[in-house]
Amino acid sequence: TEHRKVARRAAAEGIVLLKNEDHVLPLKEGSVIALYGAGAGKTIKGGTGSGDVNEREKVSICEGMKNAGFQITTEAWINRYNEIYDKARQDWKNDILSRTGHGADTMSFFEVYSTTPFNMPAGDKIEKSAGDEAENAIYVLSRIAGEGMDRQADKGDYYLKDEEYEMLADICANYENVIVVINAGAQVDLSFMDEFTNIKALLTIVQPGMEGGNAFADVVSGRVNPSGKLTDTCAYKYEDYPNAETFSHNNGNVETEVYEEGMYVGYRYFDTVGKEVTYPFGYGLSYTTFAVETKDIVADEKQVTVTAQVINTGKCAGKEVVQVYASLPEGDLDQPYQKLVGYARTKEVAAGESTEVSVTFATQTLASFSEKDSAYIMEAGEYVIRLGSHSRDTMVAGILTLDDKAVLEKTKHICEGWGFDDLVPEKVAFNPDGEEEQKEAAKHIALSAAKFETVTYTYPE
């Protein structure tokens, strides 16, 4: 029972609110809601393979909403979907067994299983019943994700199925306000959001665990003010991702994937090349608003601490996640525009009040691996420390200046090269407004390379 409480709280604090037009959320407790989509009754709680666990029970979004007192007008549609789903999944399992044989060894079964992912059916066509008085509708878009199931640029995977698009169009035609929920462990296309003007809210719940339905109801009812942040970047289109071309040309074969993007994954790529995105890394809304300001920064050769003042400028209590990034000097090593080095969530802050929160990280976090030196090093120059609420909303909190190259960890190459060159993208200066003024006004701290200790690793024969 105690563990379920923790699971529910963790899931609620991980839900990310991406859009909330006209403050359609939170919903009035006990209100009438229409609920559709694969994840309404068959909410995906975890990944496949080792991303899955066997639980005593799991709470779907439909069950969670009912537990919270909401009146669901579409239970007949959800029950019918559950029947369609159960049959489709049994047919899928039978197909795998027919190709492996009941007496086949376990590896043979999983070889087929891993190349034949189960695609959730769309469900019956939407037809609003005469007695459905709901003004607000929730559509839960679900995608199974796990080992060996990276997103393909196909309908029913990264893109909507035709049936899903038609379903969403019908929902938007029948209900005044539509709330879209992404229940998926990997990215999906969000371009449809611009096509329907009455999609007022967007949340991503990812894979919220066994208490996911109750946690979802906690957030949409306002019992919990959302404070989750994106752990990835939502691009405008599939082709914007740096690995899209090599992955698709290789037909998504992850066993021989050419990992050319190297360190330029997600925000490290998008922020470096200055490409616009739908939602940036670290982004997430609240039912209130916050202002984040630098209070102080202290640093030496051991650790760095950034203290922020967080002011609740809105009308209700909530939490904010303070994020600290660092821009490293470019000497011999190629560097992305910035990298995340630490973050911290505030306590609950009442409307109009403020709190201080500190983010501390080891100075060694600023090191990079040099293949030429076979070592983790910090190059001489300026290390710009940035503070903000997501990767595209930061200010200069301070500048650390290292006088010379410092070698922190000395290693030895024990593997051959990989036969291709890592991506070095064309860089576009992504300088927020007032960047130079911020640098001039920021606190400057000098670091000495001579004060860093070098750890040398020895390798047995």
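All values reported here derive from a predicted model rather than from experimental measurement.

Colleague: Tell me about the overall build of the protein, residues and numbers included.
Modeller: Scanning the protein from N- to C-terminus turns up 10 helices and 18 strands. Here the C-alpha atoms of the protein give a radius of gyration of 25 Å, agreeing with the 23 Å that 2.2 N^0.38 yields for 461 residues. The principal-axis extent of the C-alpha atoms belonging to the protein is close to 75 × 60 × 45 Å. The buried share among the 461 residues of the protein stands at 49%. Within the structure as shown, the protein displays about 22,900 Å² of accessible surface, and the carbon and sulfur contribution to it stands at 47%.

Colleague: Which residues make up unusual backbone geometry, and what values go with them?
Modeller: The omega torsion of the bond from Leu-25 to Pro-26 falls at 5 degrees, within 30 degrees of zero and hence cis. If you check the backbone angles, Val-206 has positive phi at about 50 degrees while not being a glycine. Tracing the chain through its elements places Val-206 in the loop between strand S6 (199-204) and helix H7 (212-220). Among the residues examined, Val-206 registers a relative accessible area of 35% and is labelled partly exposed.

Colleague: Pulling in residues and values, what's your account of the nonpolar core?
Modeller: Within the largest apolar cluster, 72 residues are counted, with the highest numbers of intra-cluster contacts made by Leu-25, Met-65 and Ile-138. Those residues within four positions of Ile-138 in sequence are excluded, and the remaining contacts are Leu-27, Ile-33, Ala-34, Leu-35, Tyr-36, Met-65, Ile-179, Val-181 and Phe-216. Membership of the second largest hydrophobic core comes to 32 residues, among which are Val-292, Val-322, Ala-406 and Ile-445.

Colleague: Now, about the side chain of Gln-338: what can you tell me, with residues and values included?
Modeller: Along the chain, the position of Gln-338 falls in the loop between strand S9 (321-327) and strand S10 (339-345). The class of Gln-338 is buried, set by a relative accessible area of 1%. Among the polar contacts made by the side chain of Gln-338, one reaches the side chain of Asp-271 at a distance of 2.9 Å. In this view, Gln-338 contacts Tyr-267, Arg-268, Asp-271, Tyr-325, Ala-326, Ser-327, Arg-386, Ser-391 and Thr-394; residues no more than four positions away in its chain are not counted.

Colleague: Give a description of the sheet that holds strand S1 (residues 16-20) that names residues and reports values.
Modeller: Spatially, the 6 strands line up as an open sheet ordered S1-S6-S5-S4-S2-S3, and their pairing is mixed. Strands with a single pairing partner mark the edges of an open sheet, and in this sheet they are S1 and strand S3 (71-72). Two strands pair when backbone bridges link them, and strand S4 (residues 136-143) and strand S5 (residues 177-184) are joined in this way by 8 bridges, in the parallel orientation. For Leu-141, the partnering residue across the bridge sits in S5 and is Ile-182.

Colleague: Can you explain the pairing of strand S13 (residues 375-378)? Please cite residues and give values.
Modeller: Here is the key point about a regular strand: its side chains alternate between the two faces of the sheet. Here strand S12 (residues 368-370) pairs with S13 via 3 bridges, running antiparallel. Residue pairing across strands places Phe-369 opposite Tyr-376, the latter belonging to S13. Hairpin connection of S12 to S13: 4 residues between the antiparallel strands, including Ser-374 at a positive phi of 50 degrees. Relative to strand S16 (residues 406-410), S13 runs antiparallel, the two sharing 4 bridges. The partner of Ile-377 across the bridge, within S16, is Val-407.

Colleague: Before we move on, can you summarise empty space enclosed by the protein with the specific residues and values?
Modeller: The tally for this structure, following the rule as stated, stands at 2 cavities of 30 Å³ or more. Each pocket or cavity is described by its volume, and for the largest cavity that value is around 50 Å³. Lining the largest cavity, in full, are Gly-37, Ala-38, Met-120, Pro-121, Ala-122, Tyr-139, Val-140, Leu-141, Ser-142, Arg-143, Glu-164 and Met-167. When contributions to the lining of the largest cavity are tallied by element, the ones reaching two or more residues are S4 and helix H6 (162-174). With 5 residues, S4 is the largest single contributor of residues to the lining of the largest cavity. Tallied by class, residues from the lining of the largest cavity come to 8 nonpolar, 2 polar and 2 charged. Computed from the structure, the second largest cavity encloses a volume of approximately 40 Å³. In terms of lining, the second largest cavity is formed by Leu-328, Pro-329, Leu-333, Gln-335, Leu-366, Ala-367, Ser-368, Ile-377, Met-378, Glu-379 and Tyr-383. Split into classes, the residues belonging to the lining of the second largest cavity amount to 8 nonpolar, 2 polar and 1 charged.

Colleague: Quick one: what's the story with a nonpolar patch on the surface, residue by residue and with numbers?
Modeller: On the surface, Ile-414, Val-455, Tyr-457 and Tyr-459 cluster together into a nonpolar patch covering about 370 Å² of accessible area. Along the polypeptide, Tyr-457 turns up in the segment after strand S18 (455-456).

Definitions and cut-offs
- Residues numbered from 1 in each chain as written.
- Predicted model: local features only at pLDDT ≥ 70, side-chain atom pairs only at ≥ 80, totals over all residues.
- Heavy atoms only, no water.
- Helix = DSSP H or I, 4+ residues; strand = E, 2+ residues; numbered from the N terminus.
- Rg over C-alpha atoms; globule rule 2.2 N^0.38 Å.
- Buried < 20%, exposed > 50% of the residue type's maximum accessible area, 1.4 Å probe, protein only.
- Areas by Shrake-Rupley, 256 points an atom, 1.4 Å probe, with all protein chains shown as cover.
- Core = buried A, V, L, I, M, F, W, Y, C linked by side-chain atoms within 4.5 Å.
- Contact = heavy atoms within 4.5 Å.
- Polar contact = N/O pair within 3.5 Å; in protein donor to acceptor, adjacent residues only side chain to side chain.
- Pairing = 2+ DSSP bridges.
- 1 Å grid on protein atoms, 1.4 Å probe; cavity = no way out; pocket = protein on both sides within 12 Å on 5 of 7 lines; lining within 4 Å.
- Points joined across faces, edges and corners; volume = space filled by probe spheres on them.
- Nonpolar A, V, L, I, M, F, W, Y, C, P; charged D, E, K, R; others polar.
- Patch = residues over 30% accessible without salt bridge, like charges linked within 9 Å, V, L, I, M, F, W, Y side chains within 5 Å.
- Salt bridge = Lys/Arg side-chain N within 4 Å of Asp/Glu carboxyl O.

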